[in-house]
Structure formats: C-alpha cells, structure tokens
Amino acid sequence: MSDEGLKKALIKCAVGFDTSEVVEEYAVDGDGLKLVKRKVTKRDVPPDIKAVKMLLDGEADAREMSDEELEERRKKLIEMLKEETGD
C-alpha cells in the first residue's frame, strides 16, 4: 500500500465510517449450489482518537494536546475530508 493509501485509511479511521458485512448461505440441490439465505449487517465504526493523534504527529505533539483539542482537530479533519470528497 502506498503512503497516500495509508494516509487515506488513517483519515477514514480518524473520522469514523459506516461498513456492511454480507453473509450468504448456500445449499446443494440437483442443479448445484443454491443461495438459501443472505444477511446484510450494517454498522457504524466510531472515530478513533489514536488515529487522530497519528495524523497530528507531524503537525504538533499530540501527546500534549487535551481531549478537547483533539476533538476539535478531528472535526477539522472531517470537514477537510468532506471538501475533498465533495460530500
């Protein structure tokens, strides 16, 4: 994975995201496999403060920042991401 890909993944973790998981169950019949059951589970992954700290590592010493300062920076990162993606 490239540095840019890692940064995008880190930003995604820092701002939180939605994900879904698909589980399919098949049975064997006379014609081969047949889909019997399909379950889609959606969940919300909350923002990760450790990811925010990693993003801030080059900009400021995140270990010295308060939780409020980290939360404010996380909100700014969310806004930057929305502008970048056009949401």
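Residues numbered from 1 in each chain as written. Predicted model: local features only at pLDDT ≥ 70, side-chain atom pairs only at ≥ 80, totals over all residues. Heavy atoms only, no water.

**Some details on a nonpolar patch on the surface**
Judged by side-chain polarity, Y26, V28, L33 and L35 come together as a nonpolar surface patch covering roughly 450 Å² of accessible area. Going through the elements one at a time, β1 (17–29) and β2 (32–45) are the ones with two or more residues in the nonpolar patch. Mapped onto the elements, Y26 comes out in strand β1. (Patch = residues over 30% accessible without salt bridge, like charges linked within 9 Å, V, L, I, M, F, W, Y side chains within 5 Å. Areas by Shrake-Rupley, 256 points an atom, 1.4 Å probe, with all protein chains shown as cover. Salt bridge = Lys/Arg side-chain N within 4 Å of Asp/Glu carboxyl O. Helix = DSSP H or I, 4+ residues; strand = E, 2+ residues; numbered from the N terminus.)

**Brief notes about the pairing of β2**
Burial within β2 is sparse, with just 1 of its 14 residues counted as buried. Direction of pairing for β1 relative to β2: antiparallel, over a ladder of 13 bridges. Residue pairing for β2: E24 is matched across the bridge by R38. A loop of 2 residues connects β1 with β2, the two strands running antiparallel in sequence. (Buried < 20%, exposed > 50% of the residue type's maximum accessible area, 1.4 Å probe, protein only. Pairing = 2+ DSSP bridges.)

**As for the nonpolar core**
The biggest cluster of nonpolar side chains holds 10 residues, and these are I11, A14, V15, A51, V52, L55, L56, L70, L77 and I78. When contributions to this core are tallied by element, the ones reaching two or more residues are α1 (3–15), α2 (49–56) and α3 (67–85). Here this core gets 4 residues from one element, more than from any other, and that element is α2. The residues contacting V52, other than those within four sequence positions of it, are A14, L70 and R74. (Core = buried A, V, L, I, M, F, W, Y, C linked by side-chain atoms within 4.5 Å. Contact = heavy atoms within 4.5 Å.)

**Brief notes about the pattern of salt bridges**
According to the stated counting rule, one finds 1 salt bridge in the structure shown. When the shortest N-O distance is used, the salt bridge between R38 and E24 registers 2.9 Å. Of this pair, R38 sits in strand β2 while E24 sits in strand β1, placing them 14 residues apart in sequence. The exposure class of R38 is exposed, given its relative accessible area of 52%. With a relative accessible area of 36%, E24 lands in the partly exposed category.

**Some remarks on the environment of V15**
Along the chain, V15 falls in helix α1. Owing to a relative accessible area of 14%, V15 belongs among the buried residues under this scheme. Each C-alpha atom, one on V15 and one on L77, is 7.2 Å from the other, the two residues being 62 residues apart in sequence.

**Focus on the confidence of the model for the protein chain**
Across the protein chain, the average pLDDT comes to 81, with 83% of residues at or above 70. Here α3 stands out as the element of the protein chain with the lowest mean pLDDT, 76, in contrast to β2, whose mean of 94 is the highest. (pLDDT = per-residue confidence, 0-100.)

**Some words on the packing of aromatic side chains**
Any aromatic ring pair is given by two values, namely how distant the centres are and how the planes are angled relative to each other. All told, the structure shown has 0 aromatic pairs when counted by the stated rule. Positioned above the aromatic ring of F17, the side-chain terminus of K12 is 4.7 Å from the ring centre. (Phe/Tyr/Trp six-rings, centres within 6.5 Å; stacked < 30°, edge-to-face > 60°. Lys NZ or Arg CZ within 6 Å of the ring centre and 35° of its normal.)

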